[in-house]
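# Chain and residue survey
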Amino acid sequence: MISASFFAAALASVTGAPPLSAPAGNTAIEEVGALPDAEAAPATEIVIGTSDRYERMTVPVTVEGQGPFRFMIDTGSQATVVTRGLSDRLHLEIVGNAIVVGMASRVPVQLVELNGLEFAARVFDNISAPLLEAHHIGADGILGLDSLQDMRVMIDFRDETIAVDTAKELGGNRGYEIVVRARRKLGRLIITDAVIDGVSTAVIIDTGAQASIGNLALRRKLRGSDQGASTATDVNGNTIAGNVVVARSLRIQTMQLSHTAITFADSPAFDELGLGRRPALILGMSNLRMFDRVAIDFNSRQVLFDLPSEAFSGTAPVRSNSATRL
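Below is a summary of the structure that appears in this document. (Residues numbered from 1 in each chain as written. Predicted model: local features only at pLDDT ≥ 70, side-chain atom pairs only at ≥ 80, totals over all residues. Heavy atoms only, no water.)

### Some details on the overall build of the protein chain
- Regarding its fold elements, the protein chain presents 5 helices and 28 strands.
- Within the protein chain, buried positions represent 58% of all 326 residues.
- Partitioning the intrachain contacts of the protein chain with sequence separation of at least 6 by distance along the chain shows that 70% fall at a separation of at least 24.
- On the protein chain, roughly 12,900 Å² of surface is accessible, and the fraction owed to carbon and sulfur atoms is 47%. (Helix = DSSP H or I, 4+ residues; strand = E, 2+ residues; numbered from the N terminus. Buried < 20%, exposed > 50% of the residue type's maximum accessible area, 1.4 Å probe, protein only. Contact = heavy atoms within 4.5 Å. Areas by Shrake-Rupley, 256 points an atom, 1.4 Å probe, with all protein chains shown as cover.)

Structure representation (structure tokens):
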């Protein structure tokens, strides 16, 4: 098992696209010119979301025996990412180009070959990792879904830790009151039966996003008025602005989040994820921390929630981001 305390820094939210090794039919291709030190080549399009300056989670990893380095665990990121500084230190080879689709922009980047990536007693080789700037990420790299597909990520908000291992090693399903079956799409788990103020909504649990971000298809169906504006910087260094709406109720099976703040923005990331036309929400850490624990199990395609004790009485106070059991 690998675990670590929460790490306060400016880190990226990666909300994913097909893995770089996916068949061409599952990958958007866009031609770009040659980048420095790399030959011109078709660029795989990789969706990467917002980067903000709030609490994030990193774990120690080694690369070919060197390190440890601090990598953020991001359940919304399809690709494992390294920073330019780490790549230079490890002398990683540039193997191609990609288009990074941020919440605010699409930018061509280089890909480097990453071998000997070790964490949670596992070693990963032959990873084609996008190369991003450290000052837009705030860690040495990001562990994406290409490194997490048969594992469980468990966030314990009571002791401010995150752990990655098999479900068995992390205690199985003991102590979780709500277990939600999710659908796998392009590697990530999507809860398809959430309801926000009466609107059926697809929800992605994203440990790399601080705030919760909704698409415009969801905004058009909600009646609430705008409560203010919000801005965030994506991993390409570009800024996206959005309007904040407070939803009265976000229901997933028998649990409910009350007074949930959602930032709505016209982001290219939702279109790349195939969620541009239907109501969709990226559920970020500010709302997830209303639970005692949250686990994302990629092997069983389940998302598990451990509700706070006051949720069972049904008398939890109605306040921003309160979690209750229905």
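### Quick look at the nonpolar core
- Ranked by size, the top nonpolar core spans 62 residues in total, and within it V82, L117, F119, I205 and F305 carry the most contacts.
- Apart from residues no more than four positions distant in its own chain, V82 is found in contact with F71, L92, V112, L114, A129, P130, L131, L132, D140 and G141.
- Within the second largest apolar cluster, 15 residues are counted, among which are M103, I240, F270 and L273. (Core = buried A, V, L, I, M, F, W, Y, C linked by side-chain atoms within 4.5 Å.)

### Focus: the packing of aromatic side chains
- Inspection of every chain in the model, using the stated rule, returns 2 aromatic pairs.
- Ring centres 5.4 Å apart and planes at 20 degrees place the aromatic pair F119 and F124 in the stacked group.
- Note on F124: relative accessible area 18%, which makes it buried.
- Directly above the ring of F264 sits R219, whose terminal nitrogen or CZ lies 5.9 Å from the centroid.
- One residue, R293, lies across the ring of Y176, its end atom 4.0 Å from the ring centre. (Phe/Tyr/Trp six-rings, centres within 6.5 Å; stacked < 30°, edge-to-face > 60°. Lys NZ or Arg CZ within 6 Å of the ring centre and 35° of its normal.)

### Focus: empty space enclosed by the protein
- Overall, the coordinates contain 2 cavities of 30 Å³ or more when judged by the stated rule.
- Roughly 50 Å³ of volume is contained in the largest cavity.
- Lining the largest cavity, in full, are L250, I252, M255, Q256, L257, F291, L307, A323 and T324.
- Considering every element that reaches the lining of the largest cavity, the biggest residue donor is strand β24 (residues 255–264), with 3 residues.
- Among the residues making up the lining of the largest cavity, the classes are represented as 7 nonpolar, 2 polar and no charged.
- Quantified by volume, the second largest cavity comes out at close to 30 Å³.
- Lining the second largest cavity are T75, R188, L189, I205, I296, F298 and V303.
- For the lining of the second largest cavity, a count of residues per class yields 5 nonpolar, 1 polar and 1 charged. (1 Å grid on protein atoms, 1.4 Å probe; cavity = no way out; pocket = protein on both sides within 12 Å on 5 of 7 lines; lining within 4 Å. Points joined across faces, edges and corners; volume = space filled by probe spheres on them. Nonpolar A, V, L, I, M, F, W, Y, C, P; charged D, E, K, R; others polar.)

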